[in-house]
Amino acid sequence: MNMWQIINQLLAVIVILVVAAACLIGLDYYKLAHVQHHWCPRLTHYETAPTLFIHGYRGNRYSMGHLLMRLQKTGVAKKALVIKVLPTGP
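Residues numbered from 1 in each chain as written. Predicted model: local features only at pLDDT ≥ 70, side-chain atom pairs only at ≥ 80, totals over all residues. Heavy atoms only, no water.

**Student:** Quick question: what am I supposed to make of the overall build of the protein chain here?
**Tutor:** Secondary structure assignment for the protein chain yields 2 helices and 0 strands. Looking at the protein chain as a whole, 9% of its 90 residues qualify as buried. Long-range contacts, defined here as pairs at least 24 residues apart, represent 68% of the contacts in the protein chain between residues at least 6 apart. Put simply, the protein chain shows about 8,700 Å² of open surface, and 66% of that area lies on carbon and sulfur atoms. (Helix = DSSP H or I, 4+ residues; strand = E, 2+ residues; numbered from the N terminus. Buried < 20%, exposed > 50% of the residue type's maximum accessible area, 1.4 Å probe, protein only. Contact = heavy atoms within 4.5 Å. Areas by Shrake-Rupley, 256 points an atom, 1.4 Å probe, with all protein chains shown as cover.)

Written out as structure tokens, the structure reads:
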């Protein structure tokens, strides 16, 4: 194989990976936008005590963002505050 064939194969693999990633991201946003209508939350009112959602190891605001958006969309929860903690402290 010459150098151009190897470069073409690498570009083909990169294009396939980018298209697959775009499809997965699109599917995720489609699912987020179309919450199932038959899903009924058990909680019908807000409690007086707040619930804190804290993401796990190496998480970020996108990790919990989809869950919080679904809960807000169905009326189960309300996002009120985002706290960012720096590695050096609050």
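**Student:** Could you clarify how one ought to interpret helix α1 (residues 3–33) in this entry?
**Tutor:** Residue pairs spaced three or four apart in an α-helix point in one direction, given the helix's 3.6 residues per turn. Spanning 31 residues, α1 covers 45 Å between terminal C-alpha atoms, matching the ideal 45 Å at 1.5 Å per step. Two to three positions downstream of the cap, the backbone nitrogen of Trp4 sits 3.2 Å from a side-chain oxygen, assigning the N-cap of α1 to Asn2. (Expected span 1.5 Å × (residues − 1). Polar contact = N/O pair within 3.5 Å; in protein donor to acceptor, adjacent residues only side chain to side chain.)

**Student:** How do you make sense of helix α2 (residues 61–74) when you look at a structure like this?
**Tutor:** Between its first and last C-alpha, α2 extends 20 Å over 14 residues, near the 20 Å set by a 1.5 Å rise per residue. Taken together, the buried positions of α2 are Met64, Gly65, Leu68 and Leu71. Where α2 terminates, the next one or two residues include Gly75, which has phi positive at roughly 85°.

**Student:** Where do I start with a nonpolar patch on the surface in this structure?
**Tutor:** Together, Met3, Trp4, Ile7, Leu11, Ile14 and Val18 make up a nonpolar patch on the protein surface, roughly 630 Å² of accessible area in all. With respect to the helices, strands and loops of the structure, Met3 is situated in helix α1. (Patch = residues over 30% accessible without salt bridge, like charges linked within 9 Å, V, L, I, M, F, W, Y side chains within 5 Å. Salt bridge = Lys/Arg side-chain N within 4 Å of Asp/Glu carboxyl O.)

**Student:** So what exactly am I meant to see when it comes to the layout of surface pockets here?
**Tutor:** Over the atoms rolls a probe the size of a water molecule, and in doing so it shows where empty space is left. The volume enclosed by the largest pocket comes to roughly 1,400 Å³. In terms of lining residues, the largest pocket is bounded by 33 residues, among which Thr51, Phe53, Leu68, Lys79 and Leu81 are the most central. Looking at the lining of the largest pocket, the elements that each hand over two or more residues are α1 and α2. No other element matches the 9 residues that α2 contributes to the lining of the largest pocket. (1 Å grid on protein atoms, 1.4 Å probe; cavity = no way out; pocket = protein on both sides within 12 Å on 5 of 7 lines; lining within 4 Å. Points joined across faces, edges and corners; volume = space filled by probe spheres on them.)

**Student:** It is not clear to me how the packing of α1 against α2 should be interpreted in this structure. Could you clarify?
**Tutor:** Geometrically, a packed helix pair is captured by the angle between its two axes and the distance between the axes. The interhelical angle for the contact between α1 and α2, taken along N-to-C directions, is 25°, at an axis separation of 10 Å. Classified by the interaxial angle, the pair formed by α1 and α2 is roughly parallel. Between α1, through Asp28, Tyr29, Lys31, Leu32 and Ala33, and α2, the contact on the second element is made entirely by His66, Met69, Arg70 and Lys73. (Axes fitted to C-alpha atoms, helices over the stretch in contact; angles between N-to-C directions. Parallel < 35°, antiparallel > 145°, perpendicular 65-115°, else oblique.)

**Student:** What exactly am I supposed to notice about the environment of Phe53 here?
**Tutor:** One can find Phe53 in the loop between α1 and α2. Each C-alpha atom, one on Phe53 and one on Leu67, is 9.7 Å from the other, the two residues being 14 residues apart in sequence. What Phe53 contacts, discounting residues up to four positions off in sequence, is Met64, Leu67, Leu68 and Leu71.

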